[in-house]
Amino acid sequence: MADLQTLSGNRLRRDTDFFRKNKLVIMPLVFIAPAFAMFSLFVIYPIIQSIALSFTEWQGIGPKKWVGLDNYRLLLGDPVFWTSLVNNVYWLVFFLLAPVLGLFVALFLNQNVFGIRLVKSLFFFPFVVSQIVVGLIFAWFYDPAFGLLATMLEPLGIKIPAILANEDWATFGIIIAGLWPQTAYCMILYLTGLNSVNPEMIEAARLDGAKGWQLLVKIVLPQLRAATFIALVVTVIGALRSFDLVAVMTEGGPYNSSNVLAYYMYDNAIFRYRMGYASAIATILFLIMDVYIAWFLMRLLKSEKGAS
């Protein structure tokens, strides 16, 4: 009995010593484990399931039929898929204006002058408004009969076309609507980053003669690297997964001219019952996001190593 007690005591001491030596590794894992379990269940598992579903033909009920790469071969010959992909490229290119505009708005609002809080609240407004509301506002704004844009241009003798009913202009009209809240989001990120900018470095640069654009590029922007990274990643992901505004303003029309990959995926899954085909579109969209984020992370790591 004494030997058993001694043995259990020695084992307890060894376990205690092991925990004390490795607590800096063990405790973070203990806290991360529940979040990782939830992330695996609700994010990683659905992604794997969606990729697996892209190799099948399934209408949402009944057995799944394995078709291999047939869904991806169909995508290559689908003109609506290519139109949606090109529109996503347009979204991506023009959405990259949001971090730039957000930065300049944040620099404008980062002042201690009378009434600046009221001005800030006006710029915050698009961020707190639902995308559905934004879509409805801009659908009314573009209306050629009684919209605000037509009302402003009518006294000048300018008659605007029905932007959302025009195959050439619908996509760009929706992108402009999306830029409004996205710029507000980037502005918030940069306002937060500007609060952590070292004022001593700015004063030292001013004493050395730096001002204006030179001060912004050489002193301020390097300290906003983290905010810029988040703004770019979130903006690119927002451009690639654009769905809400398309669904509210045009539903992909006219004649699929404003369709994007996310809405085309939704259309195939919900209205056409082509779950496998929709999953193939989702997989392509997921891979595009992964490639961009991986490339951007590599660039960020290289710049961090170069700075150190």
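Residues numbered from 1 in each chain as written. Predicted model: local features only at pLDDT ≥ 70, side-chain atom pairs only at ≥ 80, totals over all residues. Heavy atoms only, no water.

Could you clarify how one ought to interpret helix α4 (residues 97–109) in this entry?
Here α4 is 13 residues long and its end C-alpha atoms lie 18 Å apart, about the 18 Å a rise of 1.5 Å per residue gives. Among the residues making up α4, those that are buried are Ala98, Pro99, Gly102, Leu103, Val105, Ala106 and Leu109. Residues of α4 that are buried in the fold lie against α3 (79–95), α5 (116–128), α8 (170–194), α10 (212–223) and α11 (225–240). (Helix = DSSP H or I, 4+ residues; strand = E, 2+ residues; numbered from the N terminus. Expected span 1.5 Å × (residues − 1). Buried < 20%, exposed > 50% of the residue type's maximum accessible area, 1.4 Å probe, protein only. Contact = heavy atoms within 4.5 Å.)

Which parts of the structure should I look at to understand unusual backbone geometry?
Most peptide bonds are trans, and most residues other than glycine sit at a negative phi. Each neighbour pair has its own omega, and for Gly253 with Pro254 the value is -5 degrees, a cis peptide bond. Inspection of the secondary structure assignment puts Pro254 in the loop between α12 (244–249) and α13 (261–271). Of note, the phi angle at Tyr255 is positive, near 55 degrees, even though the residue is not glycine. Overall, Tyr255 belongs to the exposed group, its relative accessible area being 72%. Of note, Asn256 is a non-glycine position whose phi angle comes to about 65 degrees, a positive value. Relative to the assigned elements, Asn256 resides in the loop between α12 and α13.

Looking at this model, I keep getting lost on the nonpolar core. Mind explaining?
If you look at soluble globular proteins, the nonpolar side chains tend to sit buried side by side. Trp91, Tyr142, Ile174, Tyr190, Leu224, Leu245 and Met249 are the most contacted members of the largest nonpolar core, which has 43 residues in total. Tallying contributions element by element places α8 first for this core, with 10 residues. With residues near it in sequence (within four places) discarded, Ile174 still touches Trp91, Leu164, Leu245, Val246, Met249, Thr250 and Ser258. Counting residues in each nonpolar core, the second largest holds 18 residues, with Leu75, Tyr264, Tyr277 and Tyr292 among its members. (Core = buried A, V, L, I, M, F, W, Y, C linked by side-chain atoms within 4.5 Å.)

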